[in-house]
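Here is how the chains run, residue by residue.
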Amino acid sequence: MTNRHERRKAATTSRKKLAQLNTATLDQHFDDRLHRVRTEFERTGGIDPEFECVTDGESFQVPAYWPDRGAKAQVCAALRDSFRRRKVNRYVFASEAWVGKTPGLLPSDDPDRTERVQVIAVERNGPRRYAFAEITRNGGTAILGQWEVTGDIPPGWLFELLEEGHSDRAPKEESPPVPRLSARDVQTLMYEDPAQGTEFRESFEICDQLGDLLADQIQDADSDALSKFMALESILRSTVRDMGSPKGIGAFARFLRDHPDIFPMFATVRESVPSIERVRHWKAKLQRFICEKRELGHPPSAMFGAFMNLYLCVGSRAVGAVDLADRIENWDPEHQAKLRQVGLRSSFELDDEEGHVFIALSAGYYPNGVMGRRNAVGDLFVSRVGALSYGDFATAVDNIKQSGIELIVGSEAKELLCKMEQVKGVAPRPDKIQEIWEVENWGDDEWIEQTRAEVVFAKAMNIRYEPDRRNLKGVVAGYRVRRAPNGLVLLPSDSDEDVFVAVSVEKTKRWACVLGWLRASEGKLPQFYQKNCWIVPPEALHDIEELPGKERLQVMPPNQEPDLDDLPNDGD
């Protein structure tokens, strides 16, 4: 508890210091962060992972907690989008990290791993800095070694958050971030538009009272966070329907995504399964609260604002802002209207306890599946498209059947998935096969990189490989090897069953690295979709040591020349 208090105190000092860094250079910011990280570690025995971000007009901090490997991919996509829209010019990231020593084992599984603190600094279209210091533990004492500042920048998504994504695609038009209202903004609004200003003030007052209500009679406020969240969401959706389904609900999802400094990206409370009784308890309290406020004459718009503000706060703690943003978009009336246009209906139209859950799966779309509910008369209501964690389609089918959840397969499932793709704006699989070199318009440089990527993978696997100009698909020993300068790019025409290996090739430094592998079906997820293709960040890839079928490579002829230096260069 003392350490936590000390860290919060240090964080307050850090925020004050951050406000002074807008005019600092990258090196000044980097050196200052190294000093502050050491001071914090010596005071508390650890540091909290965090980004310090600088724009032309503001500085802000983003806590960087992710619960598992899969969440890292969500962090990468979410922060890259947020930093782009908020025009971040520089970020400095600090965290503790494990370093593996045993080949083939992830650092988290390696008993011989070591610990270090790392600090990363990145300037948009500018230099990068990297430093680390080893951690030595002796009983309850932790000692931080000397900083090692190196120009050898390791590959990783943490250095790529200011990249604009896939370099060959046209920029996506998007609106600017949803702004925050400051106290001065509210005062100006009350002066210029007294009626709306009064409504804002009422909404803030109701929100405070609502927060007090939800905290009442609970010793551990976090223990019931999910029950409160579900009750809030139910009442909020009823309020939206009563208001005639107002437009602009999706802006709240965008606000969550654009402000990871305000809303935690992942749940901050322990996982729990809320009981129906607890949800009903909180719904009853909220309904009585609404009736009292209506009798006092408060308008529905003020009630909506109050509930929405608290919903964002409670929801980001209960399920995390990343999932909460997706959830808001799914119950947004505009999204429900899009569903009806393709002949679907949203499960959010049902009462909270109405119907039973189903999952629709199609082998060609696995691991994606449609989740929803079927009502008493047999009608289907869809909730969302999600990725299942089972290794393959057959295993997923068996496990879902054993769980007792209704499983839909075959043509009905395929039709649901196709319609959901239309609603989400994801391109259906085209009739005309379009290859990667056509989409990216490869020239000589890209083909040289592709050939190098194939040779690098062969060397890493220690198998013989002769580059062949006729090998347009980059097939090496049955695997699809693909150059990945800004993430692994997958196309709708790529076979879902193929295993793709991503290789980053740096021409100027004569350097290359096998980033990892992924089955195409695992990468074709909504969060990676960008303008008719999927761009999978390195953190979402599997470790190359876990490559399926790797054992069969041992009986193949061992690797021989050519080496990288034997391959053609620019101008050859």
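How each quantity is defined
Residue positions are given per chain, counting from 1 as you read along its sequence in written order. The predicted nature of this model means local features are confined to residues of pLDDT at least 70 and side-chain atom pairs, given and counted, to a pLDDT of 80 or more, with totals for whole chains, interfaces and linings taken over all residues. Processing note: side-chain calculations cover all non-hydrogen atoms of the structure and skip hydrogens and water entirely. Only DSSP runs of H or I covering at least 4 residues are called helices, and only runs of E covering at least 2 are called strands; the numbering of each starts at the N terminus. In what follows, a contact means two residues having at least one pair of non-hydrogen atoms within 4.5 Å. Where accessible areas are quoted, they stem from the Shrake-Rupley method and a 1.4 Å probe; at the residue level, only the protein chains shown are allowed to cover. By the convention used here, strands pair only if DSSP detects at least 2 bridges between them. Each axis is a line fitted through C-alpha atoms, taken for helices only over the stretch in contact, and angles between the N-to-C directions span 0 to 180 degrees. Oblique is the label for any angle not under 35 degrees, not over 145, and not in the 65 to 115 range, which are roughly parallel, roughly antiparallel and roughly perpendicular in turn. A clockwise turn of the near helix away from the far one marks a right-handed crossing, whereas an anticlockwise turn of less than a right angle marks a left-handed crossing. Under the convention adopted here, Pro, Cys and the residues Ala, Val, Leu, Ile, Met, Phe, Trp and Tyr are nonpolar, Asp, Glu, Lys and Arg are charged, and Gly plus all remaining residues are polar. Throughout this description, the term nonpolar core refers to a set of buried Ala, Val, Leu, Ile, Met, Phe, Trp, Tyr and Cys residues connected via side-chain atoms within 4.5 Å. For each residue, the accessible area found with a 1.4 Å probe, counting protein chains only, is set against the maximum for its type, and the residue is called buried under 20%, exposed over 50%, and partly exposed in between. The rule is short: rings of Phe, Tyr and Trp, with Trp giving its six-membered ring, pair when the centres are within 6.5 Å, and they are stacked under 30 degrees, edge-to-face over 60, tilted in between. Lysine and arginine charges are scored as sitting over a ring when NZ or CZ, respectively, is within 6 Å of the ring centre and within 35 degrees of the ring normal. A helix is expected to reach a length of 1.5 Å times the quantity of its residues less one.

Chemist: Sorry, what's going on with the overall build of the chain here?
Modeler: Within the chain, the secondary structure is distributed over 16 helices and 17 strands. The long-range share in the chain, meaning contacts at least 24 apart out of those at least 6 apart in sequence, stands at 67%. Carbon and sulfur atoms form 49% of the exposed surface of the chain, whose accessible area is close to 29,300 Å².

Chemist: It is not clear to me how the sheet that holds strand β16 (residues 511–519) should be interpreted in this structure. Could you clarify?
Modeler: For sheets, the rule is that strands pair by backbone hydrogen bonds, running either parallel or antiparallel. The strand order β12-β13-β15-β16 describes an open sheet built from four strands, whose pairing is mixed. In this open sheet, the two edge strands, each paired with only one partner strand, are β12 (475–476) and β16. When β12 meets strand β13 (residues 479–483), the two strands line up antiparallel, connected through two bridges. When the bridges of β13 are listed, valine 475 appears paired with arginine 480. Of the strands in this sheet, β12, β13, β15 (499–506) and β16 are in contact with helix α15 (residues 444–461), which crosses β13 at around 130°.

Chemist: Before we go on, may I ask you to explain the packing of helix α6 (residues 225–242) against helix α9 (residues 300–318) in this structure?
Modeler: In a pair of packed helices, the angle between the axes and the distance between the axes together describe the arrangement. Between α6 and α9, whose axes approach to 9 Å, the crossing angle comes to 150°. Classified by the angle their axes make, α6 and α9 are roughly antiparallel. Seen along the crossing, α6 lies across α9 with a hand that is left-handed. Contacts between α6 and α9 involve Ala225, Leu226, Lys228, Phe229, Leu232, Glu233, Ile235, Leu236, Thr239 and Val240 from the first element and Pro300, Phe304, Phe307, Met308, Leu310, Tyr311, Val314, Gly315, Arg317 and Ala318 from the second. Taken together, the residues that form the contact of α6 with α9 break down as 15 nonpolar, two polar and three charged.

Chemist: What am I meant to see in the nonpolar core here?
Modeler: Where a protein is soluble and globular, its nonpolar side chains tend to be buried together. The biggest cluster of nonpolar side chains holds 39 residues, and the ones touching the most others in it are Leu232, Leu286, Phe307, Tyr311, Ile328 and Trp331. Of all the secondary-structure elements, those providing two or more residues to this core are α5 (194–215), α6, α7 (250–258), α8 (276–295), α9 and α10 (321–331). Take this core: its biggest share by element is 11 residues, from α9. Excluding residues that lie within four positions of it along the chain, leucine 286 makes contacts with Leu210, Leu213, Leu214, Ala231, Leu232, Ile235 and Phe307.

Chemist: Just checking my understanding: could you explain the packing of aromatic side chains for this structure?
Modeler: In this description, a pair of aromatic rings is defined by centroid distance and the angle of the planes. The final tally for this structure, using the stated rule, is 15 aromatic pairs. Taking the centre distance of 5.9 Å and the plane angle of 75° together, the rings of phenylalanine 255 and phenylalanine 263 count as edge-to-face. Like phenylalanine 255, the residue phenylalanine 263 is buried in the burial classification. The ring of phenylalanine 60 has arginine 86 lying over it, and the distance from NZ or CZ to the ring centre is 3.8 Å.

Chemist: What should I look at first to understand α15 in this one?
Modeler: Every α-helical turn comprises 3.6 residues, leaving residues that sit three or four positions apart pointing alike. The end-to-end C-alpha distance of α15, which contains 18 residues, comes to 26 Å, matching closely the 26 Å that a straight helix rising 1.5 Å per residue would cover. Every buried residue belonging to α15 is among Ile448, Glu449, Gln450, Arg452, Ala453, Glu454, Val455, Val456, Phe457, Ala458 and Met461, and all of these are buried. Of the surrounding elements, those touching the buried residues of α15 are β12, β13, β15 and β16. Just beyond α15, the residue with positive phi is asparagine 462, at close to 60°.

Chemist: Is there a simple way to think about the sheet that holds strand β10 (residues 380–387) in this case?
Modeler: With mixed pairing, four strands are arranged side by side in an open sheet as β10-β9-β8-β11. Each edge of the open sheet is held by one strand with a lone partner, namely β10 and β11 (406–408). On average, adjacent strands in this sheet sit at an angle of 30° to one another, irrespective of strand direction. Pairing of strand β9 (residues 368–374) with β10, which is carried by seven bridges, proceeds in the antiparallel orientation. The residue bridging arginine 373 from the neighbouring strand is phenylalanine 381, located in β10. Of the strands in this sheet, β8 (356–361), β9, β10 and β11 are in contact with helix α13 (residues 410–424), which crosses β8 at around 90°.

Chemist: Would you mind going over the packing of α6 against α8 with me for this structure?
Modeler: Contact geometry for α6 and α8: axes closest at 8 Å, N-to-C directions at 40°. Comparing the axis directions of α6 and α8 gives the class oblique. Considering how the two elements wind past one another, α6 and α8 form a crossing that is right-handed. Residue-level contacts link Ser227, Lys228, Met230, Ala231, Leu232, Ser234, Ile235, Thr239 and Asp242 of α6 to Arg278, Val279, Trp282, Lys283, Leu286, Gln287, Ile290 and Arg294 of α8.

Chemist: Would you mind going over the pairing of β8 with me for this structure?
Modeler: Bridge count for β8 against β9 is six bridges, and the pairing is antiparallel. Across the sheet, residue isoleucine 359 finds its bridge partner in β9, namely methionine 371. Where β8 folds back onto β9 in an antiparallel hairpin, the turn is made up of six residues. Across three bridges, the pairing between β8 and β11 is parallel. Counted as the bridge partner of phenylalanine 358 is glutamate 406 from β11.

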